Amino acid sequence: MLKHLTGSEIVCEALIKEGVSVVFGIPGGAILPLYGVLSKYPALRHILTRHEQGAAHAADGYARSTGTVGVAFATSGPGATNLVTGLATAMMDSVPMVAITGQVGRAAIGTDAFQEADITGATMPVTKHNYLVMRADDLGRTVHEAFHIARTGRPGPVLIDIPKDVFIEMGEYDPDESIDLPGYSVPGMADEAQIDAAAALINQAERPVILAGHGVVLSRSFDELRELAEKAQIPVVTTLLGISSFPEDHVLSTGFPGMHGMAYASLAIDQADLIINFGSRFDDRIVGDAQRFSTGSKKIHVDIDPAEINKTIHVEAPVVGNIKDVFGQLLPKVKKTTHVEWLQHVEHLKAEHPSLRIPESDRLMGQHVVKALSDVTKGDAIITTGVGQHQMWAAQHYQFKNANSWLSSGGAGTMGYEVPSAIGAQVGNPDKLVWSICGDGGFQMTMMELATVVENRLPIKYAIMNNNHLGMITQWQSFFYDGDYQAETYTGNPDFVKLAEAYGIKGIRVTSQDELESAIREANAHEGPVVVDFVIEKVDDLYPMIPVGQSIEELIEDPN
Amino acid sequence: MAETANGTFQRTIAALVQDRPGVLARIAGLFRRRGFNIASLAVGRSERSGLSRMTFVVEGPEEVVRQVAAQLDRLIDVVEVHDITEQNIVWRELALIKVRANAGKRGEILELANIFRVNVIDIGVESLTMEISGGRQKIDSLIELLRKFGLEEVIRTGRVATLRGTLVEGEDDGLFQSDASKSTYTLPTATGESGSV
Ligand SMILES: Cc1ncc(C[n+]2csc(CCOP(=O)(O)OP(=O)(O)O)c2C)c(N)n1
Ligand SMILES: [Mg+2]
């Protein structure tokens, strides 16, 4: 049924038809006509953030934790450009998002008008697709296309830029119009020949390893992954973004590999005769020197994006398709088997290279904090992080019990992700416990969003891993710049407890190991949000470590 | 795949794209980001309404240029893309060459034009402009031969290419050397099926 509506109404109706119930954003002149109709659509809950980057990361955290498309609004010019970091973060990690930005009126486009920015031009490299919509009649179709593109295939962010007068213009909206995108196809099942080739390699392998990437999480193939691993008794290494796709207390769970991953995970990959990669893009933080990456193994690469195949690592058996469908095709063809010797060897690697030994120290170390968080919450929380040492400790020491409970900026490595992503995760999962493990650096990049937390009564627990340093920078300068420390020490950090209190948030300070558990319990028991300032030791090193661009041969396990 | 003098590799890509504002910018942006160097580019409306055809010749390290078609295919505005480097294709380039030609030299130049079967499209008092189409080598040779008369302007188009419709190879003028055994790229289709293109 054709509807005659204003552009703003069309946008809202199309969002609701897409199942949207929450949007994160900040208004401004060019997008005010859209805000002007929000009161007519109570089904759309608008959460006002304090910065557009926060809106974008919150939409990202919402999307990752719920599996639906996250939505952000921003105005033209600086509002729109403030979204860019959030879009780039989502793009690198294939997170489904739709951003709607206001633009100056059609007649003013291209005149350097007040608050004009060419946001479609600026975001081309950091979106899966983007649109500048010049007629209200095109709005409905565009919104539906944008959601289709964002959530299908390899997911990603899509931006829709709408001139102010297009929001106001009357247009026609046909909610039942079907999508016609001749240049866009969504891979489903893989070619049977590819499946057969992959199955044959799996059935012949003596030392197979599964590398489970973000694709397993994005396609929600947790059960299938487990079924395959158990059927053929294959150790499962998860990538940084694959963490929580496989239960970590499972005997086949073999950690995460790469630069700061577990040594045994990197060693298992190096010594394997077959790597079965499900939805990881062989990122350089895992591969290091591509020429020396697991040279003794054949490789199967299952990916929904054909452009990832042979991009960095040559593979013998490419399988292009939706991972969930591929598991369905592959499972009946994979023989039930045991790789007793190999599994014993992997167990041996785990024992020989514990990798997760927590430094013996009376002082409070980052590892102690994560370990205690993991123990007290029994691995049951949704964890979001920033980027740096604390992120690696979180990845190493939190024992995830639930699928898809790990939210971290892997590809872009965006500091500041920790504060707003937790907002998105908590809004999307009101009944779950959300702990954000923050760097003191990253926290200060987006801490203005504490106001958003308070306003929306979100019971998020923020754990600031306060080392008064850009710890990861300290570490790199120690390793790669002969200890020439520059711009890595903070001397002006605020009192985070007082800061929390200024927002009306409960603040707790922890300075010793003895206080750890009780503080975490106290935070968990508190109904509202909490900021815990964990004052931890500064360390120059984080092990294990494979230096950039190197291989397993250069692995530094723990010199102490 | 053709290796160029400086050790980089060339691939010929044919694409059918939406005829919309910004499409060329998207493609150019992708090429820039991924380090693909465009040696030539030809764009024009196609036989299908709303769609344009583009033929690119891209240059770069072998492993990089092999990715071009797959990366282009990710763009929503690219409807179809084929890496036709190793296919049996015919291709042509066009050049307009303005050469200095006073009355004394004109006869010699016209004779050359005749041998190369090119059209002379403009004759002035001091110069002469000819139009040549064909393979790159043929155009290069003519330009070399004309150089001694004094080249005033050389304007070359990018390559346009299409798959051969017959199995009979026509005149080899412009025919790209094909080596099917080297073809590794297969284009996945909507269903995830892959077929060689
Ligand atoms: C937005 C942004 N700017 C700069 C960097 C580079 N960088 C990576 S880790 C790091 C230090 C992070 O410090 P902090 O958040 O305190 O975490 P820590 O390493 O101390 O745990 C920096 C500056 C980044 N990843 N993101
Ligand atoms: Mg720090």
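All of these numbers come straight from a predicted model, not from anything done at the bench.

Cut-offs and rules
Residues numbered from 1 in each chain as written. Chains lettered and ligands numbered in written order. Predicted model: local features only at pLDDT ≥ 70, side-chain atom pairs only at ≥ 80, totals over all residues. Heavy atoms only, no water. Helix = DSSP H or I, 4+ residues; strand = E, 2+ residues; numbered from the N terminus. Rg over C-alpha atoms; globule rule 2.2 N^0.38 Å. Buried < 20%, exposed > 50% of the residue type's maximum accessible area, 1.4 Å probe, protein only. Contact = heavy atoms within 4.5 Å. Areas by Shrake-Rupley, 256 points an atom, 1.4 Å probe, with all protein chains shown as cover. Lys, Arg positive; Asp, Glu negative; His and termini not counted. Charge placed at Lys NZ, Arg CZ, Asp CG, Glu CD. Core = buried A, V, L, I, M, F, W, Y, C linked by side-chain atoms within 4.5 Å. Donors = N, O, S within 2.8 Å, 3.2 Å for Na, K, Ca; no water. Salt bridge = Lys/Arg side-chain N within 4 Å of Asp/Glu carboxyl O. Near = heavy atom within 4 Å. Polar contact = N/O pair within 3.5 Å; in protein donor to acceptor, adjacent residues only side chain to side chain. Buried area = accessible area lost by both parts, 1.4 Å probe. Nonpolar A, V, L, I, M, F, W, Y, C, P; charged D, E, K, R; others polar. Domains from an automatic or database assignment. Pairing = 2+ DSSP bridges. Axes fitted to C-alpha atoms, helices over the stretch in contact; angles between N-to-C directions.

## Here we look at the overall build of chain A
Okay, step 1: A tally of regular secondary structure across chain A gives 23 helices and 19 strands.
Okay, step 2: Taking 24 Å as the expected radius of gyration for a compact globule of 560 residues, we find that chain A reaches 24 Å, a close match to that expectation.
Okay, step 3: Taking the principal axes of the C-alpha coordinates as reference, chain A spans close to 70 × 60 × 45 Å.
Okay, step 4: When the 560 residues of chain A are sorted by exposure, 61% land in the buried category.
Okay, step 5: Taking the intrachain contacts of chain A between residues at least 6 apart in sequence as the baseline, contacts between residues at least 24 apart amount to 75%.
Okay, step 6: With the model as given, the accessible surface of chain A reaches about 20,500 Å², and the carbon-plus-sulfur share is 50%.
Okay, step 7: Within chain A, the 70 negative side-chain charges are centred at a point lying 4 Å from the centre of the 41 positive side-chain charges.

## Quick word on the nonpolar core
Inside soluble globular proteins, nonpolar side chains tend to come together where they are buried.
Residues and elements named next belong to chain A.
Okay, step 1: If you look at the biggest cluster of nonpolar residues, it comprises 62 residues, and the most contacted ones within it are Trp435 and Phe534.
Okay, step 2: Take this core: its biggest share by element is six residues, from helix α12 (residues 263–271).
Okay, step 3: Among residues more than four places away in sequence, those in contact with Phe534 are Val369, Ala463, Ile464, Met465, Asn466, Val510, Leu516 and Ile520.
Okay, step 4: Counting residues in hydrophobic clusters, the runner-up holds 44 residues, among them Ala90, Ala99, Ala425 and Val434.

## Quick look at the coordination of the magnesium ion (ligand 2)
Ideal values differ by geometry: the angle at a metal is 109.5 degrees with four tetrahedral donors, but 90 or 180 degrees with six octahedral donors.
Residue and element names in this part refer to chain A.
Okay, step 1: The magnesium ion (ligand 2) binds to the protein through Asp440 (OD), Asn467 (OD1) and His469 (O); the donor distances cover 2.0 to 2.2 Å.
Okay, step 2: Each donor residue of the magnesium ion (ligand 2) lies on the same chain, and together they follow the pattern D-x26-N-x1-H. Within this pair, whereas Asp440 is found in helix α19 (residues 440–446), its partner His469 is found in the loop between β17 (461–466) and α21 (471–480), the two being separated by 29 residues in sequence.
Okay, step 3: Overall, the relative accessible area of 1% leaves Asp440 in the buried class.
Okay, step 4: Look at His469 and you get buried, because its relative accessible area is 11%.

## Considering the pattern of salt bridges
All names here are of chain A.
Okay, step 1: Evaluation of the coordinates by the stated rule reveals 45 salt bridges over all chains.
Okay, step 2: Two residues, Asp495 and Arg509, come together in a salt bridge whose shortest N-O distance is 2.6 Å. Linking Asp495 in the loop between α21 and α22 (496–502) with Arg509 in strand β18 (residues 506–510), this pair joins segments that are 14 residues apart in sequence.
Okay, step 3: Overall, Asp495 belongs to the partly exposed group, its relative accessible area being 31%.
Okay, step 4: According to the relative accessible area criterion, Arg509 is partly exposed, its value standing at 36%.

## Quick look at the site of ligand 1
Residue and element names in this part refer to chain A.
Okay, step 1: Surrounding ligand 1, one finds 17 residues, the nearest of these being Gln389, Gly413, Asp440, Gly441 and Gly471.
Okay, step 2: Between a nitrogen atom of ligand 1 and a main-chain N or O atom of Met415, the distance comes to 3.3 Å.
Okay, step 3: Between ligand 1 and Gly441, the relevant distance is 2.8 Å, taken from an oxygen atom to a main-chain nitrogen or oxygen of the residue.
Okay, step 4: Summarising the interface, the protein chains cover 77% of the accessible area of ligand 1, which totals 590 Å² for the free molecule.

## Quick notes on unusual backbone geometry
All names here are of chain A.
Okay, step 1: The backbone of Ser294 shows a phi angle near 40°, a positive value even though the residue is not glycine.
Okay, step 2: The residue Ser294 is located in the loop between α13 (284–287) and β12 (298–303) in this model.
Okay, step 3: Backbone geometry places Ala487, a non-glycine residue, at a positive phi of 55°.
Okay, step 4: With respect to the helices and strands, the residue Ala487 is situated in the loop between α21 and α22.

## A few points about the interface of chain A and chain B
Okay, step 1: The interface is formed by 26 residues belonging to chain A together with 22 residues belonging to chain B.
Okay, step 2: Counting each side, the surface lost to burial between chain A and chain B is near 1,800 Å², with a carbon and sulfur contribution of 53%.
Okay, step 3: When residues of chain A are sorted by the area they lose upon contact with chain B, A:Met124, A:His129 and A:Gly183 head the list and together hold 27% of the total.
Okay, step 4: Notably, a salt bridge pairs A:Asp305 with B:Arg74, separated by 3.1 Å at the nearest N-O pair.
Okay, step 5: Its residues assigned to classes, the side of chain A that touches chain B shows 14 nonpolar, seven polar and five charged.

## A few points about the domain arrangement of chain B
Okay, step 1: Parsing chain B into structural domains produces domain 1 (2–87) and domain 2 (91–156).
Okay, step 2: Averaged C-alpha coordinates put domain 1 of chain B and domain 2 of chain B at centres separated by 30 Å.

## Structural notes on the sheet that holds strand β15 (residues 406–407) of chain A
Residue and element names in this part refer to chain A.
Okay, step 1: The strand order β15-β14-β16-β17-β19-β18 describes an open sheet built from six strands, whose pairing is parallel. The open sheet has two edge strands with one neighbour each: β15 and β18.
Okay, step 2: Pairing of β18 with strand β19 (residues 530–535) involves five bridges; the strand directions are parallel. When the sheet's bridge partners are listed, Lys506 is paired in β19 with Val530.
Okay, step 3: Across the sheet, helix α18 (residues 418–428) touches β14 (382–385), β15, β16 (434–439) and β17, and the angle it forms with β16 is around 170°.

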